[in-house]
Amino acid sequence: MNKGYDANIEEAVAEAKRKDKDKKKKRSWNYEKELLRLQVEIAHLQAWVKKSGARIVIIFEGRDAAGKGGMIKRITEKVSPRVFRVIALPAPTDREKSQIYMQRYITYLPAAGEVVIFDRSWYNRPGVDRVMGFCSEKKAERFLELAPRFEAAIVESGIILLKYFLTVSEEEQERRFKRRIDDPLRQWKLSPMDVESYQRWWDYTKAYDAMLRMTDSNHAPWWIVPSDDKKQARINCISHILQSIPYERVKFEAPDLGKRQKRPGGYVEDQSIRHVVPDVTAR
C-alpha cells in the first residue's frame, strides 16, 4: 500500500513539473510575441522622433542586478543607435570632478530627433556616491534639493523626461549575483561595487528611499518597476514608455529602387590577393 501511495506522490510531482514546464513554454512564447509587438511600436516611435524633432530622455536607475542592462537592450536592439543613444558614463576624471556636478551630464542631453537613455545618471550622487563616501553628506543633500529644479528646466525646454527605478528583492539579487559568479558569460557584470551593494543592502535602501522621496515631482515623477520577473518587468516598462510619449505613426515612404546598372563591358575583376575570413563551418 505504501508503495502505491509513493507512486501516486511521484506521479503527482511529475505531473506538476510537466504543467509548470508547459506553462513556462507558453509564457515564453507570449513574452516573445509581446516583446516583438512592442519593438515594432518602438520603431514607429523612432520614425516620429526623427520627423517631429522630438527630444526624449529616459533614465534607468535601480538596484544592482535589477535588469537595467537587459531592459535597455530590448528597447534599443531594433532601432538606430544614432537616434537611440545609450549613455553609461564611467567614473569621472579628475577634470570632471572639478566641474559643476551636472556639467558632465548636460553635454549628453538630446538634440532634435534623438532619444537619450541613461544607464545610471546624475542620480549616482545620492546613490553610490553617497553610500560609498565619494561625496559628502552635505553635497548629497544639496543635490537632492537641486535635482527637481534642474529637471524642471529640462522639461520646460521641451524635452520629454522619464525616470524609472528598477527594484529587486534581496533573495533574487543574491540568486543573480551567484549566477554571475558561476557563468563566464556574466562574470564581467560582477564588479567590486556590486559586491559592496550586496553587502550594504540597507545602506543603499536608506539612500534610495531619500532619493525617491525628495526627487519625485509632478514634472518628473519616478516610476517604480518591480523586476524579480525580468520578462514581466520589460513588458510593463516598455509599454509604459510608449504610453507616456504622444507619438504618432509616420507613414513609411517606400523608395523606388529603380534598376541596377549593368556590368561594364570592359570591366576586369581585380586579381590582387584578398584576405578572406576562413569558413570554419566547412570543417
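Residues numbered from 1 in each chain as written. Predicted model: local features only at pLDDT ≥ 70, side-chain atom pairs only at ≥ 80, totals over all residues. Heavy atoms only, no water.

Per an unreviewed UniProt entry, the chain is named ADP/GDP-polyphosphate phosphotransferase, and its organism is Rhizobium chutanense. UniProt lists a comment for the chain under the heading Subunit (unreviewed entry), and it reads "Homotetramer." As recorded by UniProt, the Function (unreviewed entry) comment attached to the chain reads in full: "Uses inorganic polyphosphate (polyP) as a donor to convert GDP to GTP or ADP to ATP." (UniProt positions renumbered as here; feature names shortened; annotations may be inferred.)

> For this particular structure, what's the right way to read a positive patch on the surface?
Among the surface-exposed residues, K73, R179, K189 and K230 lie close enough to one another that they form a single positively charged patch. Looking at the element boundaries, K73 is found in helix α2 (residues 68-76). (Patch = residues over 30% accessible without salt bridge, like charges linked within 9 Å, V, L, I, M, F, W, Y side chains within 5 Å. Areas by Shrake-Rupley, 256 points an atom, 1.4 Å probe, with all protein chains shown as cover. Salt bridge = Lys/Arg side-chain N within 4 Å of Asp/Glu carboxyl O. Lys, Arg positive; Asp, Glu negative; His and termini not counted. Charge placed at Lys NZ, Arg CZ, Asp CG, Glu CD. Helix = DSSP H or I, 4+ residues; strand = E, 2+ residues; numbered from the N terminus.)

> What's the story with the sheet that holds strand β4 (residues 160-167) in this structure? I'm lost.
In a beta sheet, neighbouring strands are held together by backbone hydrogen bonds and run either parallel or antiparallel to one another. Strand order in this open sheet of 5 strands is β2-β3-β1-β4-β5, and the pairing throughout is parallel. Since the sheet does not close on itself, it has two edges, and those belong to β2 (84-87) and β5 (222-226), each with one partner. Recorded for the sheet is a direction-independent mean angle of 20° between the axes of neighbouring strands. The pairing of β2 with strand β3 (residues 114-119) spans 4 bridges and is parallel. (Pairing = 2+ DSSP bridges. Axes fitted to C-alpha atoms, helices over the stretch in contact; angles between N-to-C directions.)

> What is the right way to read the UniProt feature "domain: Polyphosphate kinase-2-related" (unreviewed entry) in the chain from this model?
UniProt's entry tags residues 30-251 with the feature "domain: Polyphosphate kinase-2-related" (unreviewed entry), counted in the numbering of this structure. The span residues 30-251 carries 54% helix and 14% strand; its end-to-end C-alpha distance comes to 28 Å.

> Just checking my understanding: could you explain the environment of M193 for this structure?
Secondary-structure assignment places M193 in helix α8 (residues 192-199). Residue M193 is classed as partly exposed on the basis of its relative accessible area, which comes to 34%. Residues M193 and T107 lie 86 residues apart in sequence; the distance between their C-alpha atoms is 26 Å. When near neighbours in sequence (up to four residues on either side) are disregarded, M193 contacts D64, V128, M132 and F134. (Buried < 20%, exposed > 50% of the residue type's maximum accessible area, 1.4 Å probe, protein only. Contact = heavy atoms within 4.5 Å.)

> Teacher, can you tell me more about unusual backbone geometry here?
One non-glycine residue, A65, lies in positive phi territory at about 70°. Assignment of secondary structure puts A65 in the loop between β1 (55-62) and α2. The phi dihedral of R120 is positive, around 70°, even though this residue is not glycine.

> What is the right way to read the packing of α2 against helix α10 (residues 230-244) from this model?
Packed helix pairs are characterised by how far apart their axes lie and by the angle those axes make with each other. Between α2 and α10, the shortest axis-to-axis distance is 10 Å and the interhelical angle comes to 55°. Here α2 lies oblique to α10, going by the angle between them. For the pair α2 and α10, the sense of crossing is right-handed. Contacts from G70, M71, R74 and I75 in α2 reach A233, R234, C237, I238 and I241 in α10. By residue class, the composition of the contact of α2 with α10 is 6 nonpolar, 1 polar and 2 charged. (Parallel < 35°, antiparallel > 145°, perpendicular 65-115°, else oblique. Left-handed = near helix turned anticlockwise from the far one by under 90°. Nonpolar A, V, L, I, M, F, W, Y, C, P; charged D, E, K, R; others polar.)

> Is there a simple way to think about the pattern of salt bridges in this case?
A pair can form between side chains of opposite charge whenever their charged atoms are brought close. Tallied over the entire structure, the rule returns 18 salt bridges. R104 serves as the salt-bridge partner of E96, at 3.4 Å between the closest nitrogen and oxygen. A residue is classified by how much of its surface remains accessible, and E96, at 24% relative accessible area, is partly exposed. Note on R104: relative accessible area 9%, which makes it buried. A salt bridge links K163 to E151, with the nearest nitrogen and oxygen atoms 2.9 Å apart. Linking K163 in strand β4 with E151 in helix α6 (residues 137-156), this pair joins segments that are 12 residues apart in sequence. Here K163 and E151 have matching classes, each one buried. A cluster of three or more residues bridged by salt bridges with shared partners is formed by E61, D64 and R120.

> Where do I start with the environment of F150 in this structure?
Its location among the elements puts F150 in helix α6. Here F150 falls in the buried class, since its relative accessible area comes to 17%. It is 8.8 Å that separates the C-alpha atoms of F150 and M102, two residues lying 48 residues apart in sequence. Not counting residues within four places of it along the chain, the set of residues in contact with F150 comprises M102, I106 and W122.

> Looking at this structure, I do not really get the packing of aromatic side chains. What am I missing?
The description of an aromatic ring pair uses the distance of the two centres, along with the angle that the planes make with each other. Considering all chains together, one arrives at 14 aromatic pairs under this definition. Here the aromatic rings of W122 and Y123 are separated by 6.5 Å at their centres, their planes lie at 40°, and the arrangement is tilted. For the residue pair W122 and Y123, the accessibility class agrees, reading buried in each case. Chaining the aromatic ring pairs together yields one cluster made of Y101, Y105, F118, W122, Y123, F143, F150, F165, Y204, Y208 and W222. Over the ring of W201 we find R63; its NZ or CZ atom is 3.7 Å from the centre of that ring. Between R125 and the ring centre of Y101, over which it is positioned, the NZ or CZ distance is 3.9 Å. (Phe/Tyr/Trp six-rings, centres within 6.5 Å; stacked < 30°, edge-to-face > 60°. Lys NZ or Arg CZ within 6 Å of the ring centre and 35° of its normal.)

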